[in-house]
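Examining the three-dimensional arrangement
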Amino acid sequence: MIVTVPLGVLKAGALAFSPPLPVDKLTALGRLEMGSLEKVVLRFESAFWSAAGEGDLAWLYLGEARGEFPFIVDITPDAGAPTLVLLHGGARAREQLDVRDDDTLVADALLVLERLHGGPIPAPLASHVTRWRSDPWSRGSYSFPALGQSMEDFDRLAAPVGDRVLFAGEATSRPYFGTVHGAVHSAIREAARLGVDGSGLPGV
Ligand SMILES: Cc1cc2nc3c(=O)[nH]c(=O)nc-3n(C[C@H](O)[C@H](O)[C@H](O)COP(=O)(O)OP(=O)(O)OC[C@H]3O[C@@H](n4cnc5c(N)ncnc54)[C@H](O)[C@@H]3O)c2cc1C
């Protein structure tokens, strides 16, 4: 069996292991952390910020409140309609998500856009607020090296238990943790452990 649930799900104890996981793995689980990277997505009737579809457009925003939507991306060409994505992450995102509902976060995001635009902006047609941290299937965005952990903790999480329970997923990839390629890397590693040649996999 290969366990591929996210680190946050393992940390939350959502899976029961019998016998319990070895101390080494539990120690690593206690030290590794899931970070937060969250988004507010806003769709507008028209692109008030500039003509859409003319290539990539993004803004870095440094507001008075540290970490308040520091990165904003125009995804209009991909979305097929005037759409902005405002990203926030780290401690501020965690705190804000805990105390602010979706409508308030959307209002915060609109205020930032007004400041950037230098005046009133139209109301969005639709919005979406991500909350990976409270999603029971992820419990965070992706792993990061937390204070007090060692890089070996990624290896401890990756170690098989009794050659019967294997572990994969981005948080088990010491070289590429936190990324899609980390997840793929771990899948190839565990496939090889089972004697499967992963060299034919897409992108390998
Ligand atoms: C906002 C954001 C932006 C990102 N940007 C990038 C980027 O630009 N580049 C990049 O490389 N990576 C990025 N990542 C990280 C990337 O998405 C992850 O590293 C990658 O998806 C991890 O893959 P995984 O297979 O380890 O875990 P996941 O893709 O999370 O897969 C785990 C699976 O386990 C399932 N699961 C959970 N709990 C249970 C359970 N109890 N029982 C059964 N199944 C369960 C889940 O539903 C899910 O399908 C980003 C992540 C976020 C959140």
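Residues numbered from 1 in each chain as written. Predicted model: local features only at pLDDT ≥ 70, side-chain atom pairs only at ≥ 80, totals over all residues. Heavy atoms only, no water.

**Topic: the pattern of salt bridges**
Counted by the stated rule, this structure contains 12 salt bridges. A salt bridge links Asp102 to Arg131, with the nearest nitrogen and oxygen atoms 2.9 Å apart. Within this pair, whereas Asp102 is found in helix α5 (residues 102–117), its partner Arg131 is found in the loop between β7 (126–129) and β8 (142–144), the two being separated by 29 residues in sequence. (Salt bridge = Lys/Arg side-chain N within 4 Å of Asp/Glu carboxyl O. Helix = DSSP H or I, 4+ residues; strand = E, 2+ residues; numbered from the N terminus.)

**Some words on a nonpolar patch on the surface**
Where nonpolar side chains cluster on the molecular surface, the patch consists of Ile2, Leu194 and Val196 and spans about 260 Å² of accessible area. Here Ile2 shows up in strand β1 (residues 2–3). (Patch = residues over 30% accessible without salt bridge, like charges linked within 9 Å, V, L, I, M, F, W, Y side chains within 5 Å. Areas by Shrake-Rupley, 256 points an atom, 1.4 Å probe, with all protein chains shown as cover.)

**A short note on the nonpolar core**
Counting 19 residues, the largest nonpolar core has Val40, Leu42, Phe44, Leu86 and Leu113 as its most contacted members. Secondary-structure elements contributing two or more residues to this core are β3 (37–43), β6 (83–89) and α5. At six residues, the largest contribution of residues to this core is made by α5. Dropping the residues within four chain positions of it, Val40 is found in contact with Phe69, Leu84, Val85, Leu86, Leu105, Val106, Ala109, His128 and Val129. If you look at the next biggest cluster of nonpolar residues, it comprises 13 residues, including Val3, Leu10, Leu32 and Val165. (Core = buried A, V, L, I, M, F, W, Y, C linked by side-chain atoms within 4.5 Å. Buried < 20%, exposed > 50% of the residue type's maximum accessible area, 1.4 Å probe, protein only. Contact = heavy atoms within 4.5 Å.)

**What about the packing of aromatic side chains?**
Taken as a whole and assessed by the stated rule, the structure comprises five aromatic pairs. Pairing Phe48 with Trp49 gives two aromatic rings, centres 5.0 Å apart and planes at 90°, and the pair type is edge-to-face. For Trp49, a relative accessible area of 14% gives the class buried. Summarising the aromatic geometry, the rings of Phe154 and Phe177 are spaced 4.4 Å apart at their centres and angled 10° between planes, so their arrangement reads as stacked. Residue Phe154 is found in helix α6 (residues 152–158), and its partner Phe177 is found in the loop between β9 (166–167) and α7 (180–193); the two are separated by 23 residues along the sequence. The exposure class of Phe154 is buried, given its relative accessible area of 0%. By way of ring pairs, the aromatic residues Phe44, Phe48 and Trp49 are connected into one cluster. The ring of Phe167 carries Lys25 above its face, with NZ or CZ at 3.9 Å from the centroid. (Phe/Tyr/Trp six-rings, centres within 6.5 Å; stacked < 30°, edge-to-face > 60°. Lys NZ or Arg CZ within 6 Å of the ring centre and 35° of its normal.)

**Let's talk about the site of the ligand**
The immediate surroundings of the ligand are formed by 18 residues, with Trp137, Tyr142, Gly169, Glu170 and Val180 found nearest. Backbone polar atom of Glu170 to an oxygen atom of the ligand: 2.8 Å apart, as the coordinates give it. In the environment of the ligand, an oxygen atom lies 3.3 Å from a nitrogen or oxygen atom belonging to the backbone of Thr179. Coverage of the ligand by the protein chains reaches 58% of its 1,000 Å² of free accessible surface. Among the elements of the structure, β3 and α7 are those that each provide at least two residues to the shell around the ligand. Partitioned by chemical class, the residues of the shell around the ligand number 10 nonpolar, six polar and two charged. (Near = heavy atom within 4 Å. Polar contact = N/O pair within 3.5 Å; in protein donor to acceptor, adjacent residues only side chain to side chain. Nonpolar A, V, L, I, M, F, W, Y, C, P; charged D, E, K, R; others polar.)

**What to know about helix α4 (residues 90–99)**
Of the residues making up α4, those classed as buried are Arg92, Ala93, Gln96 and Leu97. Looking down the long axis of α4, one finds its buried residues gathered within 125° of arc, a one-sided arrangement. Looking at α4, the residues exposed on the side facing more than 90 degrees away from the buried face are Asp98 and Val99. Considering only its buried residues, α4 is in contact with β3, β6, α5 and β7. (Arc of directions from axis to C-beta.)

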